[in-house]
Each structure stands twice: as C-alpha cells, then as structure tokens.
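Topology and contacts: notes
The primary structure of each chain is shown beneath.
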Protein chains: 2
Amino acid sequence: MSTIRDIARLAGVSVSTASLALNDDRRVREETRRRVLAAAGTLDYHPMRAARSLSSGRTWSIHLLDPALGENMSSGFFTRFLRGLHDVARDGGYTLTLTVPEDEAESRAVLKRLIAERWSDGVVLMNPTEHDGALGDVVAAGFPHVLVGRSPVAGVSTIDNDNVRVAFDATASLLEAGRRAPLLLNGPRDRTFTQDRARGYLDACAAFGVFDAPVAYVDGLADATMRALAAHREAGRPLDALVTVSDPQAVVAMRALQEDGLRIPGDVAIIGMNNDDVTQFTNPRLSSVELNAYDLGRGAIETLLERIANGAGDAQRRIVPHTLVSRESCP
Amino acid sequence: MSTIRDIARLAGVSVSTASLALNDDRRVREETRRRVLAAAGTLDYHPMRAARSLSSGRTWSIHLLDPALGENMSSGFFTRFLRGLHDVARDGGYTLTLTVPEDEAESRAVLKRLIAERWSDGVVLMNPTEHDGALGDVVAAGFPHVLVGRSPVAGVSTIDNDNVRVAFDATASLLEAGRRAPLLLNGPRDRTFTQDRARGYLDACAAFGVFDAPVAYVDGLADATMRALAAHREAGRPLDALVTVSDPQAVVAMRALQEDGLRIPGDVAIIGMNNDDVTQFTNPRLSSVELNAYDLGRGAIETLLERIANGAGDAQRRIVPHTLVSRESCP
DNA sequence: TCGAGCCATCGAACCGGTTCGATGGGTCGC
DNA sequence: GCGACCCATCGAACCGGTTCGATGGCTCGA
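Residues numbered from 1 in each chain as written. Chains lettered and ligands numbered in written order. Predicted model: local features only at pLDDT ≥ 70, side-chain atom pairs only at ≥ 80, totals over all residues. Heavy atoms only, no water.

Considerations on the packing of helix α5 (residues 76-91) of chain B against helix α12 (residues 293-310) of chain B
A pair of packed helices is captured by two measures, namely the crossing angle of their axes and the spacing between those axes. All names here are of chain B. It is at 7 Å that the axes of α5 and α12 come closest, and there the two elements cross at 35 degrees. The handedness of the crossing between α5 and α12 comes out as right-handed. Facing F77, R80, F81, R83, G84, L85, D87, V88 and A89 of α5, the residues of α12 in contact are A293, Y294, L296, G297, R298, A300, I301, E302 and L305. (Axes fitted to C-alpha atoms, helices over the stretch in contact; angles between N-to-C directions. Helix = DSSP H or I, 4+ residues; strand = E, 2+ residues; numbered from the N terminus. Left-handed = near helix turned anticlockwise from the far one by under 90°. Contact = heavy atoms within 4.5 Å.)

Rendered as structure tokens:
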C-alpha cells in the first residue's frame, strides 16, 4: 500500500508535484510527469478513495434510493434499469450505491444522511411516493438528484416515460382493430403515473368514439385483479379489449378470462405494459408496451452527471420513448 | 454543514472529547456526554463519511461484483438475492455498492482497485468464473470476501446451495413418480455448479436403477435448448422426465414439447430450478426448486461481516437449504 | 542591464474526523 | 503529608490526499 509520498520520494519530486502530475495538470513538465507516472507504476500506486474524497469534496459515487428494488414489477424491468444506471455511472467514473428504505420515514432519514454526510455526489429517487418532506430537503440543499417514475414537480429534475401517451398508444392499438368495449386495469389511485395512464386511456377511447370507458383501480396483484374483473362482469358491461398497467396483472387477467371460457384474443384482446420477460411465457404470448428501462436508467444518470458537472441549473425533465410490441394476445 | 469542531465549541469541550463522546467512549463523564450530544442535536451534526473513513480506516461499505446482474436468471432471483444482501448489510451499518464487470479482465481490475483504494471493507463475488488471478489477489491481500455460486476452493469463503442435492432431489421427485426416461438440460460445461448438478442427477438416476442417464450441456437459452431436445429425439431416446437447471430453460422446453403434441405432465414431467416468478405464468404451472435467494444474500453478508469483525479467520463454507415446490408440471 | 512575466516546482495548510500521550485535579492508603 | 493511582479532559499528531501561495530560474523586451 503505497502513498503519494512514496511516489514523490521515488520520483524525486515533492508531494504536491506528484499530485499534480498524477492528475494530469498542465503545469508539470512532460519529463517530470513521466517520472512520476513511472514511479506510480513500479509501486502499483492507487490513491485512497477516502483521502481523495476528503480533500477534493467529491465522492465519485451515486446513490440509488428504491423502496421496492423492483419487487413489484416482476423480472427484467428492474435489472435492465439498474444496468442502465450502472453503465453510464461507470463510464463517468462513478460507483453505484444502493439503499432500500422500509418506509417514508426511513427514506427521508437516509436522504438526510446522504446529504449531510456527503456520502454520495447525487441521488436517483426511484418511484418516490411522497410530495413534500424528503423532496424539500433535497431541493433546499441543492443536492443533485433525479426522480424516476414521478410526474414533474416544480424545481425537481425528473425522467420518465410519457405515461399519457403510453396508455393512449396501448389503448388505440386495440381500438384500431375494431374493439369497442375496453377496460383499463389501472394501478392504485394515488400515484401520478396512474392518473396519467387513465387520461391517456380515456383520450384514446374518446378519439374512437367510445365515451365513459370504464377504469378499474387495482391495488394489489392476483386477488385484486380478479375482483376488478368480477365487478366489471357483474355490472353487466361487455368486454373485448383489456389494457393493464403491468404485465403480471395482464397475465393474471388472461388466466381468469380463459378459465371463464373466453378466447384470447378472439373474445378479448389484451395488452400489458413493461414488456417483462413474462410476456414470452404466456399462452398466447402477451403484447406489451416496451418502456425501455435501460434508457430510463441511462437518462437518469446522464441528468445527474450533468447536474453535478454544471452545478445547480434549472430542473430537467426528460421523457423516455416507448414502443408497442405486438404479440399473440392482440388481434 | 457543521463539523465536529462546531460541536466541541458549542458544548464547551475539546474536539477530542467531542469525538469520544459521540462514539460512546466510557471515559467521558455522563454529563459531558449529554452536553455534546445536545450540541450535536442542535446543530444537526452528521460526521462526514470520507473524514471518518480516512482516519478510522473503515469505509462501512460492501461491494457486490456481479458479471451479469442476474440477467441470465430471469426475474425474482436476483432481486431477492440483492434484497438479502442489502438487509443484512444495512442492519450491520453497511452500505451496498455495485459493479458489473464486462469481462474477466475488468473484473480483476475492479477487484484490484477495490483493495488498493480501500474503497470497501469487503466484497461479494457473484458467480465468479475464474479460478486463479483475481481470487489470488483477494486472498493474498487478506481482503474480506465471499464467493456465491462457486464450489469451495481452499482458503476462500463460499456460500451456495448444495447443488448436488438440488439436482438429486429434483430428479428423484420425478423418478419417485415412476418416470424412467429422464433427461437433464444442464448449463455450460465449465461451471462448477453445472458439474455438481450433473452428479446429483446421475446419483439420483442410479438410485432408481436408471443407468447411463443422458445429460445435455446447454450454452444459451432458447435456440440451444431446442437443439438439445432435437438431438435427444434424433438419438431415438425416450423421454418422460425433464430436469432443467433454470426456469426459463424449462419454459422453453415445455413450449417445444407441447408444440410436438406432447402433454405436460402426462407425457413428460418437467421440473426447473430457481423458482422464478415465471413458474406462475406457464401453462401448466412449472414445478421448481426454491433456492432461497434471499437467504443466500443474507448468508453472504453474514459471512463477510464476521470476517471483517474477526479479522482473517479460516475460510468459511456455508450451504443454503433448498426446497422442492411441486406444481402442475409434475405428476 | 534590469525588471516583468512565465514556468516548474515546492512547502505548508487544509479537508474532518480519530487516537495517542500528556496533564491536572481528586481520592486513597500508608 | 506525600506519593500512587484513577478519572476526565485536552492538545497535537495523524490518516492521505488536494490546493494555495511562494520561490527561484529563465526568457524576453525595453
């Protein structure tokens, strides 16, 4: 474990010159620089992170705060997102660090410590459910941040899909094929993306002359989905097109409908969202909306790095494009 | 951003006393300690990570080095593993940091830097494929580590399922039901767990009087699996029981067999491994071996923390228990 | 020939904690 | 009454980098 003083001694220069040389400062003479680098090579020198952080004020690490670790969205989505974060972070010289807060309170506490302990240079807030407290701390501290999965808020940088269009496109793809009795199986009512998706769905319905299209708010997976479908049937409403906001939800619904003797897509066409691996494993295979999780991750870090590099600028607002993936569950 | 000197000044003590008080050292008088803590409270003091690291030599962070981020094993397995790592790390006061090396060379480079830059207090090596270089560095440096998904090596701490038994139990569950024409769709030949699983499978076959049971080594997913099945059929061998070493592989095989007009489990019983979410989405639902990824994560960090706390002890070797989960794809 | 200005280098201060050895006051035993 | 010992506290050194201001040698123009 050699220190910069060892390098300086071996290269026959002062510690400060060694530091400058190692950081490619133009002030040092070419020949001196070479000598220092050679010394560093022979001693296999690696600057200690903590020391570097302490004096430079940068940690070269970025924190991901995710309450769920992608547990709610089955399979590939989260790992693809994570991979996007990682790749861009690494290319920028940053390390990715991870915390899963248990609840709102812990989330806020972690965020406070993150800032106060100068522990990371920035934070990615995944699916934050809260509007006030924690977010306020971050903004007030001028701490570099980016929110994923949350509608834009004043003064806060966000990145997400255009959820209105996602739902619009998914719905339209079914109506274009002639279906006229749609149902949206939505998420819990209190999320911004849920609201956005309801709007996109209703807009698409209206565009095709279908008014008062039904929306079911589903909080939970299998049981809640079954209940929503049952309620729809009992209300005596017809159904020939089902839009769901996640793929597992679509799969559950598909099973339930099939068990009722309905044919997919003959009687009911179905489209999900996320393009999870799951889509490959159903019978028929499930159509879905690819949300490009990897790009979501990429974009999040890009936003963050820009923010870190340029200091506090205006809040950014990025949109990640989506694409429809048509499979057997659509006509 | 208050520093410990601010606390000391406000509490009317020296910096060293403040530090001792904040670290619950018994030498400081109760009343003094309270004064210091009160001061820390009013100023909302949080010790800066980098400074603490530099002087104490501990980083309070643990690194996960995973070449695949669980991309090969679809869905829940990786996130459950990650969650296990995270929870135990957090309870121990540690943060989890993540790197995905592109290849062997980068893996080794990252590991070297990890140690040399004193960047983490320990490392979890996920599915390491290499025997020599990187591992040697770690052991030589006496750096706390634990290998996941790798058969025990001398001097190295490992944690994994008992892969021989996993395959044994899966195979036996089919043979017990009277099947006598099994096939193992295994992973690539050069992994230790692949070898172990082949052995478990063959042992189980022998125990039921089935000798020379066939094993197909599959490197890849869909195409490779189809080819393996085709080769088996062309060899004119019968098939009534299929064991695969991952669930996605089982799903691909199930589809292929169904398209050939075979009934599952009537004609061929199938069991996979990992108990991925996927098992819920196939028709029929897939039996699998639950490998307890969460416990794997827990155990990995526990091993590591012990190692960090007690200094270099003997290499540990942990086994995580597995359980069979019987679903519709088995008789 | 002299001063301005640049270039390469250096010593020292600094970042914010932890820890070591020293200090002074009080208690106790002889 | 005095030394031994303990207790609480303190100042200073230290961890290993980065950075600021100073320095001395050199070139160049007047």
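Now that the structure has been shown, the text picks up again.
A look at the protein's contact with DNA strand D
Neighbouring DNA strand D are 26 residues, the closest being I4, R5 and S19 of chain A together with S14 and T32 of chain B. Close to the protein, within 4 Å, the atoms of DNA strand D belong to sugar or phosphate groups at a rate of 57%. The contact in question runs from a phosphate oxygen of DNA strand D to an N or O atom on the side chain of N23 of chain A, over 3.3 Å. Interatomic distance of 2.8 Å between a side-chain N/O atom of Y45 of chain A and a sugar or linking oxygen of DNA strand D. Among the elements of the structure, α1 (4-11), α2 (15-22) and α4 (49-56) of chain A together with α2 (15-22) and α4 (49-56) of chain B are those that each provide at least two residues to the surface near DNA strand D. Here the element with the most residues in the surface near DNA strand D is α4 of chain A; it accounts for four residues. (Near = heavy atom within 4 Å. Polar contact = N/O pair within 3.5 Å; in protein donor to acceptor, adjacent residues only side chain to side chain.)

Let's talk about helix α11 (residues 247-259) of chain B
All names here are of chain B. Taking 1.5 Å per residue, 13 residues should reach 18 Å; α11 reaches 18 Å between its end C-alpha atoms and fits that length. Extensive coverage of α11 is indicated by the burial of eleven of its 13 residues. Within the sequence span of α11, burial applies to D247, P248, Q249, A250, V251, V252, A253, M254, R255, A256 and L257. The N-terminus of α11 is capped by S246, whose side-chain oxygen sits 3.3 Å from the backbone nitrogen of Q249. (Expected span 1.5 Å × (residues − 1). Buried < 20%, exposed > 50% of the residue type's maximum accessible area, 1.4 Å probe, protein only.)

Considering the interface of chain A and chain B
Taken together, the contact between chain A and chain B spans 47 residues of the former and 47 residues of the latter. For the chain A and chain B pair, buried surface summed over both sides reaches about 4700 Å², with 59% attributable to carbon and sulfur atoms. At the junction of chain A and chain B, the tally comes to eight salt bridges. We note a salt bridge from R90 of chain B to E102 of chain A, for which the minimum N-O separation is 3.4 Å. Along the contact surface separating chain A from chain B lie 13 residue pairs in polar contact (both at pLDDT 80 or more). Mapped by element, the contributors of at least two residues to the side of chain A that touches chain B are α4, α5 (76-91), β2 (95-99), α6 (104-116) and α11 (247-259) of chain A. Examining the composition of the side of chain A that touches chain B, we find that six residues originate from one element, α5 of chain A, more than from any other. The residue inventory of the side of chain A that touches chain B, partitioned by class, reads 20 nonpolar, 13 polar and 14 charged. Looking at chain direction, β2 of chain A and strand β2 (residues 95-99) of chain B are connected through three bridges and run antiparallel. (Buried area = accessible area lost by both parts, 1.4 Å probe. Salt bridge = Lys/Arg side-chain N within 4 Å of Asp/Glu carboxyl O. Nonpolar A, V, L, I, M, F, W, Y, C, P; charged D, E, K, R; others polar. Pairing = 2+ DSSP bridges.)

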